[in-house]
Amino acid sequence: MTCTCTKNNTEFFRDFELRNFNTLKISSKADLVFFVKNEAEICTIFQTYKNAIMLGAGSNVLLSSNGIRQPVIITKNMCEISFRRDCVEIEAGAKTQKVSLEACNNSLSGFEFLIGIPSTLGGAVAMNAGAHGQTISDKLVNARIYDTKENKIITLSKEELNFSYRNSLIKKNEGRYVVLSAKFALEKDDKQKIKAQMDKNTEFRKKVQPSLALPNLGSVFKNPTLPDGSTISAGMLVDKCGLKDFHVGNAGVWARHGNFVINFLNCTSYEYLQVLYKMYTSVKEKFNIELQCEIVRAGEFSEAEDEIWRVIKKD
Ligand SMILES: Cc1cc2nc3c(=O)[nH]c(=O)nc-3n(C[C@H](O)[C@H](O)[C@H](O)COP(=O)(O)OP(=O)(O)OC[C@H]3O[C@@H](n4cnc5c(N)ncnc54)[C@H](O)[C@@H]3O)c2cc1C
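Residues numbered from 1 in each chain as written. Predicted model: local features only at pLDDT ≥ 70, side-chain atom pairs only at ≥ 80, totals over all residues. Heavy atoms only, no water.

**Considering the domain arrangement of the protein**
The accessible area lost on association of the parts is a frequent measure of interface size.
Point 1. According to the domain assignment, the protein consists of domain 1 (3-74), domain 2 (81-206) and domain 3 (234-312).
Point 2. With centres defined by C-alpha atoms, the gap from domain 1 to domain 3 works out at 26 Å.
Point 3. With 15 residues of domain 1 in contact, the opposing surface of domain 3 contributes 18 residues.
Point 4. Among the residues domain 1 hides against domain 3, the three largest losses belong to Leu24, Asn60 and Leu62. Together they make up 43% of the total.
Point 5. Between the two partners, domain 1 and domain 3, sit zero salt bridges.
Point 6. Connecting domain 1 to domain 3 are twelve residue pairs in polar contact (both at pLDDT 80 or more).
Point 7. Considering every element that reaches the side of domain 1 that touches domain 3, the biggest residue donor is strand S5 (residues 61-63), with three residues.
Point 8. Broken down by class, the residue content of the side of domain 1 that touches domain 3 amounts to seven nonpolar, five polar and three charged. (Domains from an automatic or database assignment. Contact = heavy atoms within 4.5 Å. Buried area = accessible area lost by both parts, 1.4 Å probe. Salt bridge = Lys/Arg side-chain N within 4 Å of Asp/Glu carboxyl O. Polar contact = N/O pair within 3.5 Å; in protein donor to acceptor, adjacent residues only side chain to side chain. Helix = DSSP H or I, 4+ residues; strand = E, 2+ residues; numbered from the N terminus. Nonpolar A, V, L, I, M, F, W, Y, C, P; charged D, E, K, R; others polar.)

Structure (C-alpha cells):
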C-alpha cells in the first residue's frame, strides 16, 4: 500500500510505483522514496540511509521490474535556476530542457544541445550528457557535491570532476558523490541565433530519435571507437545486423534507428535486457566489435539479468 507522510519535513512514500518517474515507463516499485526540496534534506537522508540512490528524470536508468529495496531520492523539486550576468547556477533537479530555454531567453549560448535531452541537471552532470557537438562539461565551472563517504559538502572544479565521453568522477564512483548544484559560465550571443540552433537541434532529433510517446532511455550503447581513433555509429552496426524491429516480449529495437529500445507495452526489465543482449552479441559476431552499454541500472535484478549486465556493461 502507498502512503504519504512527512519525516523531518521531507516528503516520502512507501511502496511507491516509479512508472511515471522513468522515461522507459518501466513498472518498478520502490520500498521508500524521498522527494527532496533542498540539499540539507539530501545530507540528512544519507546520514540515515548510506545506500540511498539518486534519481533525476530517470531518462538513462533501467529500473528493475523486481523493484528497488534501496531508498530512492528524487530531486525534481530542487530546481532553482539563477542567472547572474553570464553565469548560471542550477540546482540538481532542474529540467535541462527548461535550462536550455531560460539560457536562450537570457541571450546566453552553451546549452543549445540540452533542448532535446529530457533529463535533470544532476543526471546530466553525472552522465556528462552531450549532443550536437556540445556537452554539459564544456561550460561547467564547478559543482557543489555531497560526498556521502566523508559526509560533507565540497566544491569540485571541472578538472576534478574528470569528465570523459558519457562519464565523470560521479559515475565512476557510483553512490559516493551527489550533485547538489552546478555553476556554468555561458557566452553572450544573439538570442535569435541561439533559438535557431535549438530549433535545428530539435528538427534533427525528430528525424533520428523516437519521441517519449514511445518510452525509451535514449541511446543504449555508446558509439564505439575504432583502432584508428574514429567513432562509428552503434545504431548503424545494429541495423546492419538486421535487428530493426527485433522484439523480446514487449521490448524491441526501434524500426527507424538501431540504438533505441522501446517499451511497447509494459515491458519488463528482463525483456529489455534480452533485447540489449541480442544487439550486443549480433554486433560482436558480425563485426567483432564489443558495444558498451551507455545506460545505468537500479534495483533488484535476477541472476539472468545480472549475467546479461556483466556482458554488456564494461565501464
Ligand atoms: C529521448 C531521449 C534522448 C536522449 N538524448 C540524449 C543525448 O542526446 N545525449 C545524452 O548524453 N543523453 C541523452 N539521453 C540520456 C539521458 O537523458 C542523459 O543521460 C541524462 O543526462 C540523464 O539524466 P537524468 O536526470 O534522467 O538521470 P537519471 O536517468 O535519473 O540517472 C542517471 C544516473 O545519474 C545519477 N544521478 C541522477 N541525479 C543525480 C545527482 N543529483 N547526483 C548524482 N548522481 C545523480 C543516477 O543515480 C543514475 O546513476 C536521452 C534520453 C532520452 C530518453
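**Brief notes about the site of the ligand**
Point 1. Around the ligand there are 34 residues in total, and Met54, Ser59, Thr120, Gly130 and Arg205 lie nearest to it.
Point 2. At 2.8 Å, a backbone N or O of glycine 56 approaches an oxygen atom of the ligand.
Point 3. Glycine 130 places a main-chain nitrogen or oxygen 2.7 Å from a nitrogen atom of the ligand.
Point 4. Protein contacts shield 92% of the accessible area of the ligand, which totals 980 Å² for the unbound molecule.
Point 5. Among the elements of the structure, strand S4 (53-55), helix H3 (121-127), strand S10 (130-131) and strand S14 (177-185) are those that each provide at least two residues to the shell around the ligand.
Point 6. In terms of residue count, H3 provides more of the shell around the ligand than any other element does, five residues in total. (Near = heavy atom within 4 Å. Areas by Shrake-Rupley, 256 points an atom, 1.4 Å probe, with all protein chains shown as cover.)

**With respect to the sheet that holds strand S8 (residues 87-91)**
Point 1. Taken in spatial order, the five strands of this open sheet run S7-S8-S14-S12-S13, and their pairing is antiparallel. For this open sheet the edge positions go to strand S7 (81-84) and strand S13 (152-157), each flanked by a neighbour on one side alone. For this sheet, the mean angle separating the axes of adjacent strands, direction not counted, is 20°.
Point 2. Across five bridges, S8 lies against S14 in antiparallel orientation. Within S14, the position partnered with glutamate 89 by the bridge is lysine 183.
Point 3. Seen against the sheet, helix H1 (residues 39-48) touches strand S12 (140-147), S13 and S14 and runs at an angle of roughly 40° to S12.
Point 4. Sheet contacts for helix H2 (residues 96-105): S7 and S8; angle to S7, the most-contacted strand, approximately 25°. (Pairing = 2+ DSSP bridges. Axes fitted to C-alpha atoms, helices over the stretch in contact; angles between N-to-C directions.)

**Structural notes on the packing of aromatic side chains**
Point 1. Scanning the entire structure with this criterion turns up ten aromatic pairs.
Point 2. For the ring pair phenylalanine 13 and phenylalanine 16, a centre distance of 5.0 Å and an interplane angle of 50° mean the geometry is tilted.
Point 3. The exposure class assigned to phenylalanine 13 is buried, which follows from its relative accessible area of 11%.
Point 4. For the ring pair tryptophan 254 and phenylalanine 260, a centre distance of 6.1 Å and an interplane angle of 85° mean the geometry is edge-to-face.
Point 5. Owing to a relative accessible area of 7%, tryptophan 254 belongs among the buried residues under this scheme.
Point 6. The buried category is assigned to phenylalanine 260, whose relative accessible area is 2%.
Point 7. Cluster of aromatic residues (ring-pair linked, three or more members): Phe13, Phe16, Phe21 and Phe35. (Phe/Tyr/Trp six-rings, centres within 6.5 Å; stacked < 30°, edge-to-face > 60°. Buried < 20%, exposed > 50% of the residue type's maximum accessible area, 1.4 Å probe, protein only.)

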